[in-house]
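# Structural overview
Residues per chain are reported as follows:
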There are 2 protein chains.
Amino acid sequence: MARAAEVSPITASRALRNARGVDPTLAQRVHEAAEQLGYVPDPAARALASQRSSQVIVLVPLLSNTLFVDLLEAVHRTLFPEGYHPLIGVTHYDSAEEELLLRTYLPLRPAGLLVTGFDRSEASGQLIARSGVPCVHLMETSTTPGVPCVGFSQHDAGAAITRHLLDRGRRRIAFCAAQLDPRVMQRAAGYRHCLAQAGLYDPSLELLSPERSSIALGARLFEDMLARAPDVDAIFFCNDDIAQGGLLAASRLGIAVPDRVAVAGFNDLAGSDQMVPPLTTMRTPRSEVGRAGAAMLLGMMRGSQPAPGCVELDYELVVRGST
Amino acid sequence: MARAAEVSPITASRALRNARGVDPTLAQRVHEAAEQLGYVPDPAARALASQRSSQVIVLVPLLSNTLFVDLLEAVHRTLFPEGYHPLIGVTHYDSAEEELLLRTYLPLRPAGLLVTGFDRSEASGQLIARSGVPCVHLMETSTTPGVPCVGFSQHDAGAAITRHLLDRGRRRIAFCAAQLDPRVMQRAAGYRHCLAQAGLYDPSLELLSPERSSIALGARLFEDMLARAPDVDAIFFCNDDIAQGGLLAASRLGIAVPDRVAVAGFNDLAGSDQMVPPLTTMRTPRSEVGRAGAAMLLGMMRGSQPAPGCVELDYELVVRGST
DNA sequence: TTGTACGCGTTATCAC
DNA sequence: GTGATAACGCGTACAA
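The shown structure was predicted, so the numbers you read here are calculated from the model rather than taken from an experiment.

### Things to note about the relation of the copies chain A and chain B
Superposing chain A onto chain B takes a rotation of 180 degrees plus a shift of 0.0 Å along the axis, which leaves an RMSD of 0.1 Å. Expressed as an axis order, the relation between the two copies is that of a two-fold axis. Among all residues of chain A, the minimum C-alpha distance to the rotation axis is found for Ala-44 of chain A, at 2.4 Å. An overlap of 100% is found between the interface residues of chain A and their copies at the interface of chain B, pointing to a shared contact surface.

This is the structure in structure tokens:
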């Protein structure tokens, strides 16, 4: 290949990497030769020599929540054109799985690492830190300075939608949650904070299930909640999927929404706008989190000087018929 | 590391790969030494020397359809414990994107390749063939012998659910579809075939939209279909998400399901059992497709002698309240 | 700006 | 069953 372009191998190498310090004429010749020969540099040899691959490990809890699909989509759109290749790992909210994924993929010497939230095992944290691989945390914000992260305040967003229910005149506002991951618990804290300030917090109106979030579970939680506290006049579901399940249960049981019970969700997932009635929810900036997080990582991978801090994004209340 | 175990590097290499022809005593010593040192073989060096990595490229059209998420989950569960690592690529039903992904990832010298269906560009097909990488096709079946694939007959499944509607006494059976990928069109063919045999095929009852499948689109298709042919007494939606949208539209418009119009979906996605009324649908074996496809690939990667052919799996009609 | 010499960490080959 | 040697195909470091 270098022969075809009549340059030394190293010049070809530099030209193909678009490294600086190569005569444009030679670079041109190299690119043409590569094109004609269909030459593609071997990523393995490249990784071995440079101790760095073009892969970026992206760890998400699930793919069954479209939230993370949107996030991944944005990450891909941002990284791929820059020559970095996302390698998706699914943790299932399991720190042991996350650790195994890190042990498996960190030896690939990835160029970067994108992880969800801050909650992980001690061992995982150390694996990341000792690897020296640039890492950005997504979906949450941190108060610790110097930690690269892009997210929004789950706490405040949870409080904001609770306040919306208060503003609608509701007084017996319940909270139904599943999964109970850190971000859900932060929303729960926001809910409590908001109601406590209003003097309306009642622990018996919280229904927390460790089960995997699903539409079917939402239906069950809705029924359980109404059976337990028939006087509830609003329910804040921690995620749109269980909120949709709640709305469907209401429809099945003939319970008027929002007249008898208002229903609010979280994340504005697909289909929420099509429910009957349409679901009030909090639109969270997951695509923007993916984009900005990947962009921050790009900077770090290329050796940005100023240590990037924490980027806090906005969420948006979407008021629809269910409240 | 080899020093620590007091053996030559090559013996260590063989021991760690569990290659045959190593004294169990030495192998033991090597494994212990690796354990103590926290030694992990470098995948890049391994790939460079052996011309083969442990990665398996998996190409799916979308992640927003939980069908493919289930598929990927099963693939991961099958490959990962065997030391192979799925690398997910999303094509968005775009052959140019698929080709780019192949051009990008094939140079990694993956151990195997898992692709969705048979419909791809000439160039993509050649890239795969010339790479020599073992490849299994998923979700469809092929009549061509010798092509490794795991799937089911989309055509017959489409015909079967249409027959169910006939059996329910419906005579004006419509077909609503989105996305219009090859598998959707095969279901359409099954629908036509079934109705034509019954002498009830009416092209004006087909509504095909190239738009991306979604709940919102399903609602729109439902309304359009009823406006166009008020005498429709059943609608077969090509996928559960648009079927769910149809049911929600019916609920919103006060159209009785199934009394006025029966509704059937396809794939049995999350939430279909929670609809009001619950959605009749075709349960497709995507997890089994993932598992069996990955298992077939495992055989090929390890050099199975008998060229694996086509595995055809079963689907299952799930009758619920909507019909 | 370009080139030389070397090494990255592992496995293939072939001898012992 | 085990080991010596070489090579995999690039990039780094330094020299020119």
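### Concerning unusual backbone geometry
For the bond from Val-276 of chain A to Pro-277 of chain A, the omega torsion is -5 degrees, close enough to zero to count as cis. Checked against the element boundaries, Pro-277 of chain A lands in the loop between strand 9 (262-264) and strand 10 (281-283). With an omega of 10 degrees, the peptide bond between Val-257 of chain B and Pro-258 of chain B qualifies as cis. Relative to the elements of secondary structure, Pro-258 of chain B occurs in the loop between helix 10 (240-253) and strand 9 (262-264). Residue Gln-51 of chain B is not a glycine yet carries a positive backbone phi of 60 degrees. Structurally, the position occupied by Gln-51 of chain B is in the loop between helix 3 (43-50) and strand 1 (55-60). The phi dihedral of Gln-179 of chain B is positive, around 70 degrees, even though this residue is not glycine. Looking at where Gln-179 of chain B falls in the secondary structure, it is placed in the loop between strand 6 (173-177) and helix 8 (182-197).

### Notes on the sheet that holds strand 5 (residues 149-151) of chain A
Residue and element names in this part refer to chain A. As summarised here, the arrangement of the 6 strands in space is 2-1-3-4-5-11, forming an open sheet in which the pairing is parallel. With one partner strand each, in any of the chains shown, strand 2 (85-90) and strand 11 (310-312) form the two edges of the open sheet. The average angle at which neighbouring strand axes cross in this sheet is 15 degrees, direction not considered. Examined bridge by bridge, strand 4 (residues 135-139) and strand 5 share 3 bridges and lie parallel to one another. Residue pairing in the sheet places Met-139 in a bridge with Gly-151 of strand 5.

### Details of the environment of Arg-187 of chain A
Residue and element names in this part refer to chain A. Considering the arrangement of structural elements, one finds Arg-187 in helix 9 (residues 182-197). In the structure, Arg-187 is positioned 31 residues away from Gly-218 in sequence and 17 Å away in space, judged by C-alpha atoms. Each residue touching Arg-187, except ones within four places of it in the same chain, is listed here: Gln-154, Gly-158, Phe-236, Cys-238, Phe-266 and Asn-267. A distance of 2.8 Å separates the side chain of Arg-187 from the side chain of Gln-154, its partner in a polar contact. Of the polar contacts made by the side chain of Arg-187, one reaches the backbone oxygen of Cys-238; its length is 2.7 Å.

### Points about the protein's contact with DNA strand D
Contacts to DNA strand D come from 21 residues, most closely from Ser-13 and Tyr-39 of chain A together with Thr-11, Asp-23 and Leu-26 of chain B. A distance of 3.3 Å separates a phosphate oxygen of DNA strand D from a polar side-chain atom of Arg-17 of chain A. Tyr-39 of chain A is positioned such that a nitrogen or oxygen atom in its side chain is 2.5 Å from a phosphate oxygen of DNA strand D. Put simply, the parts of the chain that give the surface near DNA strand D at least two residues each are helix 2 (9-16) and helix 4 (43-50) of chain A together with helix 1 (9-16) and helix 3 of chain B. Here the surface near DNA strand D is composed, by residue class, of 10 nonpolar, 6 polar and 5 charged.

### Comments concerning helix 5 (residues 95-105) of chain B
When we look at burial in helix 5 of chain B, the residues that qualify are Glu-98, Glu-99, Leu-101, Leu-102, Thr-104 and Tyr-105 of chain B. Contacts made by the buried residues of helix 5 of chain B are with helix 5 (66-79) and strand 2 of chain A together with strand 1, strand 2 (85-90), strand 3 (112-116) and helix 6 (122-131) of chain B.

### Brief notes about the protein's contact with DNA strand C
Not every one of the 22 residues close to DNA strand C is listed here, only the nearest: Thr-11, Arg-14 and Asp-23 of chain A together with Ser-13 and Tyr-39 of chain B. Take Arg-14 of chain A: an N or O atom from its side chain is 2.6 Å from a base nitrogen of DNA strand C. One of the backbone nitrogen or oxygen atoms of Asp-42 of chain B is found 2.9 Å away from a phosphate oxygen of DNA strand C. Of all the secondary-structure elements, those providing two or more residues to the surface near DNA strand C are helix 2 and helix 4 of chain A together with helix 1 and helix 3 of chain B. The element that contributes the greatest number of residues to the surface near DNA strand C is helix 3 of chain B, accounting for 4 residues. Among the residues making up the surface near DNA strand C, the classes are represented as 11 nonpolar, 6 polar and 5 charged.

Reading the values: the criteria
- Within each chain, residues carry numbers counting from 1 in the order of the written sequence.
- In the order they appear in the text, chains get letters beginning with A and ligands get numbers beginning with 1.
- With the structure being a predicted model, the display of local features is reserved for residues of pLDDT at least 70 and the display and counting of side-chain atom pairs for 80 or more, all residues being used for whole-chain, interface and lining totals.
- To obtain the side-chain values, all non-hydrogen atoms of the structure were used and water was disregarded.
- Here the copies are matched by least squares. The fit uses the C-alpha atoms of residues with pLDDT of at least 70 in both.
- By the convention used here, residues are in contact when the closest approach between their heavy atoms is within 4.5 Å.
- Secondary structure elements are defined from DSSP: runs of H or I of at least 4 residues count as helices, runs of E of at least 2 residues count as strands, and each element is numbered from the N terminus.
- Any two strands with at least two DSSP-identified bridges between them are counted as paired.
- For helices, the fitted axis covers only the stretch in contact; all axes are lines through C-alpha atoms, and the angles between them, taken along N-to-C directions, range from 0 to 180 degrees.
- Under the rule applied, a polar contact is a pair of N or O atoms within 3.5 Å (in protein, one hydrogen donor and one hydrogen acceptor; residues adjacent in sequence only if both atoms are side-chain atoms).
- If even one non-hydrogen atom of a residue comes within 4 Å of a molecule or strand, that residue is called near it.
- Gly is put with the polar residues, along with every residue not named as nonpolar or charged; the nonpolar set is Ala, Val, Leu, Ile, Met, Phe, Trp, Tyr, Cys and Pro, and the charged set is Asp, Glu, Lys and Arg.
- Relative accessibility decides the category of a residue: with a 1.4 Å probe and only protein chains considered, values under 20% of the type maximum give buried, values over 50% give exposed, and everything between is partly exposed.

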